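A structural walkthrough
One letter stands for each residue in the lines below.
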Amino acid sequence: MKIAIASGKGGTGKTTIATNLACSLARMGTTAQYLDCDVEEPNGHIFMKPDIEKTEDVTIGVPAVDTEKCDGCGKCGQLCQYSAIICLKGTVMTFEQLCHSCGGCMAVCPQDAIREIPRKIGVAEFGRSDGVYFGHGKLDIGVIQTPALIRHVKQNAMANAVVVVDAPPGTSCPVIEAVKGSDFVLLVTEPTPFGLNDLKLAVEMVRELGLPFAVGINRCDIGDEEVASYCRQQNIEIILEIPDNRSIAKAYSEGIKIIDALPGYEEKFVQLYRDINRRAGIK
Ligand code: SF4
Ligand code: SF4
């Protein structure tokens, strides 16, 4: 069972729900894994406080040109869609920070002049916290190959666990990489005009991907009724509501999980899992 917690915009409480869900599952005796795939700005570790047992450098393959073999034909540059390799007046230049590691330039080179060398894009760390298997990625500064690092983190998903994937915010390529292959997506939002706008985009995305989903509303008692009304119109279920509570905000600001700060919330997250379990497979 792989559950992605996603949101059309940042700051909606996605990580709060993902970390509390994973920990609640572990406390009820279920093998649970939390994977923070918001690799540009991971913050799940602030709440999970994991003991890191394994750190890996994550690399992608980028081209290196053998100038002895290259005859300046320019086919590599014509092929690359990212301008990561160009041939000017018979001289090839590479811009590895733009390379998406597709291997196309190597395949097309008639002189076999291009080989792949590794380029570090970030690190992945794995460990344990509060009975939960923990993993996250941290993208190096200035690196744009976010999906590659997310893929690496997700490759460590355990087959025998309930895996909670904390997706990056938005609806772009990194989010799609994070939610792809999930059994269920919980879209987290807030009942505000911005929350509604970004929820609509997120709904379009998961529908396009054909993934079963439902909505969770954080700070459900602020704002207006528009999110609830949109969900009703679209026949989308709201399966979690968390009120705007000063104690929750205080716990969040101190890096404390809701289930450790407020009684009753552990059962609420276990119930969320049961609800997701029932709905998984229903589009
Ligand atoms: S591997 Fe792909 S993205 Fe990278 S330089 Fe070659 S063609 Fe461009
Ligand atoms: S395709 Fe190969 S031979 Fe042609 S310019 Fe590129 S590196 Fe040189």
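Fair warning: this is a prediction, and the values are worked out from it, not measured in the lab. (Residues numbered from 1 in each chain as written. Chains lettered and ligands numbered in written order. Predicted model: local features only at pLDDT ≥ 70, side-chain atom pairs only at ≥ 80, totals over all residues.)

A word on the nonpolar core
Formally: Note on terminology: a nonpolar core is a set of buried residues of type Ala, Val, Leu, Ile, Met, Phe, Trp, Tyr or Cys, with members joined through C-beta atoms within 7 Å. Any residue whose C-beta has 12 or fewer other C-beta atoms within 10 Å is treated as exposed, any with 20 or more as buried, and any in between as partly exposed, C-beta atoms being built from the backbone. By convention here, the domain bounds are inherited from an automatic or database domain assignment.
Within the largest apolar cluster, 77 residues are counted, with the highest numbers of intra-cluster contacts made by Ile5, Ala22, Val164, Val165, Leu186 and Leu187. Residues lining this core come from more than one domain, with at least three contributed by each of domain 1 (2–58 + 122–279) and domain 2 (67–112).

What to know about the sheet that holds strand E6 (residues 114–129)
So the rule is basically this: Should DSSP find at least two bridges between two strands, the strands are taken to pair. Segments assigned H or I by DSSP are reported as helices when at least four residues long, segments assigned E as strands when at least two residues long, and all are numbered from the N terminus. Comment: axis = line fitted to C-alpha atoms, over the contacting stretch for helices; angle = value between 0 and 180 degrees taken between N-to-C directions.
Across the sheet, which stays open at both edges, the 9 strands sit in the order E3-E6-E7-E2-E8-E1-E9-E10-E11 with mixed pairing between neighbours. Among the strands making up the open sheet, the edge pair consists of strand E3 (51–65) and strand E11 (238–242). Averaged over all adjacent pairs, the angle separating strand axes in this sheet is 20 degrees, with direction ignored. The pairing of E3 with E6 spans 14 bridges and is antiparallel. What sits directly across from Val62, in E6, is Ile117.

A short note on the domain arrangement of the chain
For the chain, the domain assignment lists domain 1 (2–58 + 122–279) and domain 2 (67–112). With centres defined by C-alpha atoms, the gap from domain 1 to domain 2 works out at 39 Å.

Notes on the site of ligand 1
Which entries qualify depends on this criterion: Put plainly, near means the residue's C-beta atom, positioned from the backbone, lies within 6 Å of the molecule or strand in question. Just so you know the grouping, Ala, Val, Leu, Ile, Met, Phe, Trp, Tyr, Cys and Pro go in nonpolar, Asp, Glu, Lys and Arg go in charged, and all remaining residues, Gly too, go in polar.
Among the 13 residues in the neighbourhood of ligand 1, the closest are listed as Cys80, Ala84, Cys99, Cys102 and Cys105. Split by residue class, the shell around ligand 1 holds 9 nonpolar, 4 polar and no charged.

So, the site of ligand 2
Neighbouring residues of ligand 2: 14 residues in total, closest Cys70, Cys73, Cys76, Cys109 and Gln111. Looking at the shell around ligand 2, its residues break down into 9 nonpolar, 3 polar and 2 charged.

A look at the packing of helix H1 (residues 14–27) against helix H11 (residues 265–279)
Rule in force here: These descriptions rest on fixed angle ranges, namely under 35 degrees for roughly parallel, over 145 for roughly antiparallel, 65 to 115 for roughly perpendicular, and the rest for oblique. A pair of residues counts as a contact when their C-beta atoms, built from backbone coordinates, are within 7 Å of each other.
Orientation of H1 relative to H11, taken along the N-to-C sense of each, is 95 degrees, at an axis distance of 9 Å. Taken together, H1 and H11 sit at an angle that is classed as roughly perpendicular. Residues Asn20, Leu21, Ser24, Leu25 and Arg27 of H1 form the contact with H11, whose own contacting residues are Tyr265, Glu266, Phe269, Val270, Leu272 and Tyr273. Among the residues making up the contact of H1 with H11, the classes are represented as 7 nonpolar, 2 polar and 2 charged.

Some thoughts on unusual backbone geometry
A positive phi is found at Ser83, a non-glycine position, where the angle reads about 55 degrees. Position of Ser83 relative to the elements: it lies in the loop between helix H3 (75–79) and strand E4 (85–88). By the C-beta count within 10 Å, which is 11 here, Ser83 ends up exposed. Phi angles above zero are rare outside glycine, and Asp112 is one such case at about 50 degrees. With respect to the helices and strands, Asp112 occurs in the loop between helix H4 (104–108) and E6. Judged by the 10 C-beta atoms lying within 10 Å of it, Asp112 falls in the exposed class.

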